[in-house]
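Residue-level structure breakdown
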Amino acid sequence: MQKTADVAIIGGGISGLSIAFNLAQAGVKNIVVLEKNFLGNGATGRCGAGIRMQWGTELNCLLSKYSCEFFEQAQELFHNNIDIEFEQGGYLIGAGTDEEVEQFKRNVKLQNDLGIESVFLSPEEAGEIMPHLDITKIKAATFCHRDGHLNPFRTTEAYSEAARSLGVSIYEYTEVQDILLDGDKLKGVRTDKGDISAPLVVNAAGGYSKLIADMAGVDLPVYSQRHQIMVTEPVEAMQDPMFMGFSLNIYIQQVPHGSFIMGRSDDSEPTDLRLTSSWQFLEKMSETCTTLMPRLGQLKVVRQWAGLYNMTADAQPIYDEAPELPGFYHAAGFSGHGFMLAPVTGHVMSRKIMGEKADIDVSCLNVSRFKDGGLLPTESSVV
Amino acid sequence: MISIPLLIVGAGPAGLCAAYRAAEVGVDVLILDRAQKPGGQLVKQTHKFFGSEKQFASTRGIEIADILFKRLEDLPGRVELLTDATVIGFYEDGVVTAEVQGKFMKYRPEACIVATGASEKTLAFTGNDLPGVYGAGAVQTLMNEYGVRPGNRVLMIGAGNIGLIVSYQLLQAGVQVAAILDAADEIGGYLVHASKIRRAGVPILTRHTVGLAYGDEKVEHAIIHALDDEWNKIPGSEQQLDVDVICVAVGLSPLADLLWQAAVDMKYIGALGGYVPLRNSDMMTSVAGLYIAGDVAGIEEASSAMVEGEIAGISAAGRLGFSSEESHLLKKDCLQQLRQLRAGPGSEKIRTGMALAGAYV
């Protein structure tokens, strides 16, 4: 393994790979990505891989719009032929309460003002988009036709191949065990395959980012919570959009090969990094989905699994250089939407690392906001 | 949620013997099996067993299944067997989920014996997804269970005991066997089986493998070739065989998915067929109260599966507070039987593998 690097990126998930790709594209040489398992083994390969621009805060709308536009042109931008299976069947978001109806009206206005073509729908109109939805269970809905979902494995491959072809070295099965310091100066990283000296280190370790920050002795106010998913047997195409509900507590999509993939949140989920599955999830998820979509009750569940949401107090990410350790960068705390933000994560982090201005101002997503009482308005449009 | 003292997963030789020993001393047992009837792979084994009387030597497998099942009646403990009952989940809180005759069920067992057996290994070659390519177990099921011949002319891949026995059964059913191939230098199965087949005129080609199967939407031809010392094809050694069935008998892997879910300590031991759970001489895994028996604990014969089942049954019963004066002696005798079954020169690999897995050897 190489002994030196200009930038060492910790984490071979979609965020780390996107940062590597963007840095390499901007001309930075000698970049390494260090992944303790195989690429995408963390939250990237375990997530729902939904892409949506329908958010409740301006910043999230802008970040996700950037990402969505990137994915629309991914093949050209990556210069490879890997099909990331971006299916833009839209996102249909159902309101379950009167408060949500009002919130959704405000969201659509905000989104439209930012150039996002979302619409506010009656339950009947939502039923036309998704005929197997029991519309008596929703009070209203919003829809954006450019939202959708993609294949996280293909996307990981597309990013990693693009990064490799630009000269990035990717080391899988290479675990970072320590951050090397010289006094209070950053020196590099220690892995189970040897040390790498690097003046710049990026913490993109997702669910494990707090462990990495601890190694560097810097504060990163995040925690990881288990989230579970299940998948059904495949059937003929019957649902174009990703359906989502916040108070309804569900996201569900039918992937191109016909399976339904769905997840929900649960405050009682453990926060100790375990990745086990529970039968309680299986039951609650089945109940939620068959209440809203009775026809799915005929499907068999074929598998369930879990991944980690890396959470912050305002459910928005941290894009920052650690104030205590110059050269050590955080791209963490994605709070369940790190996958869809990957393109913008790569862009803003690469610009920050190179000391250049990014297309979107993300200075408010600093790591100090949690101390200074500068929390951002909490994003309510999350499952 | 149903609370039960002892759950046994799998009603094959190991599971049925475990149930017998546990119920004999008074444990109520629930056995779940995904098949339509009990017996596991015994129900397709029409040949007579070797070994000693205790493991039903000279009795056909299919008859052993009946004997093992019938003796579960009228024991001090009640044995309930549910077929068409697939265990699908082992959760960290000890709950076991199953699809039982179409219904989702949850069980909370105090102890559990996993006796799920094995699955067949497959072989990578061009055309191996064509209709006509079978695992040896599927061929046995078709012929011996359902009375259906898989085709007219078979190429058998693998000269271990399963490959040899299934070839002989094919011949008995009036199916031609074009050849038996094995990539190894020597025939892996018992020579008594191999000799019978050779006498019937079937060539056994060691250092050979199949490279290609082709035909119009189904297997019609196979190209086989010889292998050099580095396992590479020897150019010019290709032969075409006109066959409509390619039967793959290249060994078994422990069906250990449930044990992975239960997070028991596993170890890759090639001699035992792949990843196997570590165990102690009671057949208990690293998870307290979770026992194993049979092929899931390492690929062997039905005879040793039955004895392992007995040990697991006695041990699980003991853990639940049920034993008799003879339990201790019985377990000792079982361990002795296992040692005898694994004593031959041909069992050296098994002995080494079992020692690595923590078993009594």
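Just so you know, these numbers come straight off a predicted model, no measurement behind them.

Okay, the overall build of chain B next. Of the regular secondary structure elements, chain B holds 9 helices and 19 strands. Its C-alpha atoms give chain B a radius of gyration of 21 Å, near enough to 21 Å, the size a compact globule of 361 residues would have. In terms of overall dimensions, chain B has a C-alpha envelope of 65 × 45 × 35 Å along the principal axes. In chain B, which comprises 361 residues, the proportion classed as buried is 52%. Counting contacts in chain B only where the partners sit at least 6 residues apart, residues at least 24 apart contribute 61% of the total. Of the charged side chains in chain B, 31 are positive and 41 negative, and the gap between their average positions amounts to 4 Å.

Contacts between the two partners involve 11 residues from chain A and, on the opposite side, 9 residues from chain B. In this assembly, chain A packs against chain B so that about 720 Å² is buried in total across both faces, 50% of it on carbon and sulfur atoms. In this assembly, chain A and chain B are joined by 4 salt bridges. With a shortest N-O distance of 2.4 Å, K106 of chain B and E283 of chain A are connected by a salt bridge. Our enumeration of links across chain A and chain B arrives at 6 residue pairs in polar contact (both at pLDDT 80 or more). Tallying contributions element by element places helix α9 (residues 279-292) of chain A first for the side of chain A that touches chain B, with 4 residues. The residue inventory of the side of chain A that touches chain B, partitioned by class, reads 2 nonpolar, 5 polar and 4 charged.

Before going further, it helps to examine the nonpolar core. Membership of the largest hydrophobic core comes to 75 residues, with the highest contact counts inside it found for I9, I19 and Y319 of chain A. Among the elements that take part in this core, helix α10 (residues 338-354) of chain A stands out by supplying 8 residues, more than any other. Mapping this core onto the domain boundaries places at least three of its residues in each of domain 1 (7-47 + 153-221 + 314-372) and domain 2 (87-146 + 223-309) of chain A. Sequence-distant contacts of I19 of chain A, defined by excluding residues within four places in its chain, comprise I9, V202, A204, A331, T345, G346, M349 and I353 of chain A. Residues V9, A23, L32 and V43 of chain B belong to the second largest nonpolar core, which totals 69 residues.

The next thing to look at is the domain arrangement of chain A. All names here are of chain A. Per the domain assignment, the segments making up chain A are domain 1 (7-47 + 153-221 + 314-372) and domain 2 (87-146 + 223-309). Between the C-alpha centres of domain 1 and domain 2 the distance comes to 29 Å. Facing 9 residues of domain 1, the contacting portion of domain 2 comprises 10 residues. Taken together, the two surfaces of domain 1 and domain 2 that pack against each other cover about 810 Å², and 60% of this comes from carbon and sulfur. Taken as a group, R46, G207 and Y208 account for 56% of the area that domain 1 buries against domain 2, more than any other trio of residues on that side. For the pair domain 1 and domain 2, the number of links is 0 salt bridges. Summed over the shared surface of domain 1 and domain 2, the result is 3 residue pairs in polar contact (both at pLDDT 80 or more). Split by residue class, the side of domain 1 that touches domain 2 holds 5 nonpolar, 3 polar and 1 charged.

Residue and element names in this part refer to chain A. When the terminal C-alpha atoms of helix α1 (residues 14-25) are compared, their 16 Å separation across 12 residues agrees well with the 16 Å that a helix rising 1.5 Å per residue should span. Counting buried residues along α1, 11 of its 12 residues qualify, which places the element largely inside the surrounding structure. Looking only at α1, the buried set comprises I14, S15, G16, L17, S18, I19, A20, F21, N22, L23 and A24. Of the residues trailing α1, G27 is marked for its positive phi of about 100°.

How each quantity is defined
- Residues numbered from 1 in each chain as written.
- Chains lettered and ligands numbered in written order.
- Predicted model: local features only at pLDDT ≥ 70, side-chain atom pairs only at ≥ 80, totals over all residues.
- Heavy atoms only, no water.
- Helix = DSSP H or I, 4+ residues; strand = E, 2+ residues; numbered from the N terminus.
- Rg over C-alpha atoms; globule rule 2.2 N^0.38 Å.
- Buried < 20%, exposed > 50% of the residue type's maximum accessible area, 1.4 Å probe, protein only.
- Contact = heavy atoms within 4.5 Å.
- Lys, Arg positive; Asp, Glu negative; His and termini not counted.
- Charge placed at Lys NZ, Arg CZ, Asp CG, Glu CD.
- Buried area = accessible area lost by both parts, 1.4 Å probe.
- Salt bridge = Lys/Arg side-chain N within 4 Å of Asp/Glu carboxyl O.
- Polar contact = N/O pair within 3.5 Å; in protein donor to acceptor, adjacent residues only side chain to side chain.
- Nonpolar A, V, L, I, M, F, W, Y, C, P; charged D, E, K, R; others polar.
- Core = buried A, V, L, I, M, F, W, Y, C linked by side-chain atoms within 4.5 Å.
- Domains from an automatic or database assignment.
- Expected span 1.5 Å × (residues − 1).

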